[in-house]
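# Structural characterization, general
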Amino acid sequence: MRIQSLFKQMTLAALALCCAISCSRSTPNVNSSPEASTSNSFRVAMVTIGPKDNHSWAQSCFEGLNLIKDKFNAQVDITDNIEGEHSEAVIRKYAQSGYELVIAASGGYIKAAEKVAKEFPRTKFALVTTYPGNNQNLGAVAFRSGEVGYLTGALAAIKTKSNKVGYIVGAPYPVYKEEEALFRRGVKATNPSVQASTAFLNTWSDTDKATKVATDMVASGVDVLAINADEAGLAALKAVTQKPGVLVIGWGKDQYKLAPGKVLTSVLEDIPNLVLNAAVLTQQGRWEGKLYKFGLKEKIYDFAPFRGTLTSQEEDTFKTIRDAVTTGQIDVSP
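Residues numbered from 1 in each chain as written. Predicted model: local features only at pLDDT ≥ 70, side-chain atom pairs only at ≥ 80, totals over all residues. Heavy atoms only, no water.

### Examining the overall build of the protein
- In terms of helices and strands, the protein carries 10 helices and 12 strands.
- Expressed as a percentage of the 334 residues in the protein, the buried residues total 51%.
- Counting only contacts in the protein whose residues sit at least 6 apart along the sequence, the fraction spanning at least 24 positions is 70%.
- A total accessible area of about 15500 Å² is found for the protein, and carbon and sulfur atoms account for 52% of it. (Helix = DSSP H or I, 4+ residues; strand = E, 2+ residues; numbered from the N terminus. Buried < 20%, exposed > 50% of the residue type's maximum accessible area, 1.4 Å probe, protein only. Contact = heavy atoms within 4.5 Å. Areas by Shrake-Rupley, 256 points an atom, 1.4 Å probe, with all protein chains shown as cover.)

Shown next, in the form of structure tokens:
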């Protein structure tokens, strides 16, 4: 009987250990990452769609690669400014060269990454966008973009005087389609009388196109505009904030200095630490070719200070909505 009891205890302990491992995989956390390695055996490569010094998405991803280098004493390399149609050869080159983790930092690289991942099943591939993964070696790290989509929509609805607000984004990748849909939902939930206009530019660099789309929205009566479009968006922001009565929500980094008093706030994206999480999961042996999402709770998202652009009552209203989104009281699923 004592042997049977001991066997039962060992079985329960094994089940508990399996459960603990399973639970840890469902909630990846950068704070639980291992310490830096003492060797440079970990090799990580990155491909970005823009130049690594563009003060926007590509540069932030490159900063994430440098975090990986510092944390794990890794050997790293980057090929920047590569459009989607040219990415397959670059991604394959890194896999052939023996890099353990290849980070394709754009939603425009999905097809290329899918193809190369099949050819190199022992290599780990990470997209930085919303993508479900292949449940093997190709996965993704992404923002819970519905959170800030909803909250920027709510903020625009709180602040508009014309009852017309807008959202502009660079490309119709799944992550931004989700963001756009939740922007609309946040607007309507906050003030059903407000009309939301949205636009996908299909470019992150065409400043003339972005400026025209933004100024056309303003001409139609939009007085609060959220802009998430890298270099193209910066030009649009500068143009529309010269118009009287127009306010903008910036994106990526704190853009207040571009138009003081006209930028309500900016969505702050901790892209470097988002990228770092792909390496953390790989080093922990937890990269399973899935979608790993991070957001407000993990402090991967935040908002820049309002600096007096909102009244105290407006700030309180926004904080209440933000808290409800963060704790899950407001559903921001697609």
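### Here we look at the packing of aromatic side chains
- Applying the stated criterion across every chain yields a total of 11 aromatic pairs.
- Ring geometry for Tyr173 and Trp204: centres 6.4 Å apart, planes at 40°, overall tilted. Of this pair, Tyr173 sits in the loop between β6 (164-169) and α6 (174-190) while Trp204 sits in the loop between β7 (195-200) and α7 (207-219), and the two are 31 residues apart along the sequence.
- Seen in terms of ring centroids, Phe303 and Phe318 are 5.3 Å apart; in terms of plane orientation they differ by 80°. Their pairing is edge-to-face. One end of the pair, Phe303, is in strand β12 (residues 301-303); the other, Phe318, is in helix α10 (residues 312-326), with 15 residues separating them in the sequence. Take Phe303 and Phe318: they sit in the same class, and that class is buried.
- An aromatic cluster is built from Tyr167, Phe183 and Trp251, whose rings are joined through pairwise contacts.
- The ring centre of Tyr99 lies 4.1 Å from the NZ or CZ of Arg43, which sits over that ring. (Phe/Tyr/Trp six-rings, centres within 6.5 Å; stacked < 30°, edge-to-face > 60°. Lys NZ or Arg CZ within 6 Å of the ring centre and 35° of its normal.)

### Comments concerning the nonpolar core
- Within the largest apolar cluster, 88 residues are counted, with the highest numbers of intra-cluster contacts made by Ile68, Ile103 and Leu127.
- With sequence-adjacent residues up to four places away left out, Ile103 is seen in contact with Val44, Ala45, Met46, Val47, Ile68, Ala126, Val128 and Val275.
- Counting 20 residues, the second largest nonpolar core, distinct from the first, contains Ile168, Ala199, Leu225 and Val248. (Core = buried A, V, L, I, M, F, W, Y, C linked by side-chain atoms within 4.5 Å.)

### Some points on the sheet that holds strand β11 (residues 291-294)
- What the 6 strands build is an open sheet, ordered β2-β1-β3-β4-β5-β11; its pairing is parallel. Bordering the open sheet on either side are β2 (75-79) and β11, each of which pairs with just one other strand. Adjacent strand axes in the sheet meet at a mean angle of 20° when their direction is disregarded.
- Where strand β1 (residues 43-48) meets β2, 5 bridges bridge the pair, whose relative direction is parallel. Paired with Ala45 across the strands is Asp77, a residue of β2.
- The sheet strands contacting helix α2 (residues 57-72) are β1, β2, β3 (101-105), β4 (124-128) and β5 (138-143), and the helix crosses β1 at an angle near 180°. (Pairing = 2+ DSSP bridges. Axes fitted to C-alpha atoms, helices over the stretch in contact; angles between N-to-C directions.)

### As for the pattern of salt bridges
- Counting across every chain of the model gives 14 salt bridges.
- Residue Asp216 is joined to Lys212 by a salt bridge in which the shortest nitrogen-to-oxygen separation is 2.8 Å. Here Asp216 and its partner Lys212 are both found in helix α7, 4 residues apart, which amounts to about one turn of the helix.
- Overall, Lys212 belongs to the exposed group, its relative accessible area being 52%.
- Residues Asp323 and Lys319 are paired through a salt bridge, measuring 2.9 Å at the closest nitrogen-oxygen approach. (Salt bridge = Lys/Arg side-chain N within 4 Å of Asp/Glu carboxyl O.)

### Topic: the confidence of the model for the protein
- Model confidence for the protein is summarised by a mean pLDDT of 89, while 88% of its residues fall at 70 or above.
- Considering only residues more than four positions removed or in separate chains, one finds that residues 1-27, a stretch of pLDDT under 50, has 6 contacts. (pLDDT = per-residue confidence, 0-100.)

### A few points about the packing of helix α5 (residues 145-159) against α10
- For the pair α5 and α10, interaxial distance at closest approach is 10 Å and the crossing angle is 160°. Considering their axes alone, α5 and α10 lie roughly antiparallel with respect to each other. As α5 runs across α10, the sense of the crossing is right-handed. Contacts between α5 and α10 involve Glu147, Tyr150, Leu151, Ala154, Leu155, Ile158 and Lys159 from the former and Glu314, Thr317, Phe318, Ile321, Arg322 and Val325 from the latter.
- Among the residues forming the contact of α5 with α10, the class breakdown is 8 nonpolar, 1 polar and 4 charged. (Parallel < 35°, antiparallel > 145°, perpendicular 65-115°, else oblique. Left-handed = near helix turned anticlockwise from the far one by under 90°. Nonpolar A, V, L, I, M, F, W, Y, C, P; charged D, E, K, R; others polar.)

### Re α2
- With 16 residues, α2 ought to run about 22 Å at 1.5 Å a step, and its terminal C-alpha atoms sit 23 Å apart, in line with that.
- Listed as buried for α2 are Trp57, Ala58, Gln59, Ser60, Cys61, Gly64, Leu65, Ile68 and Phe72. (Expected span 1.5 Å × (residues − 1).)

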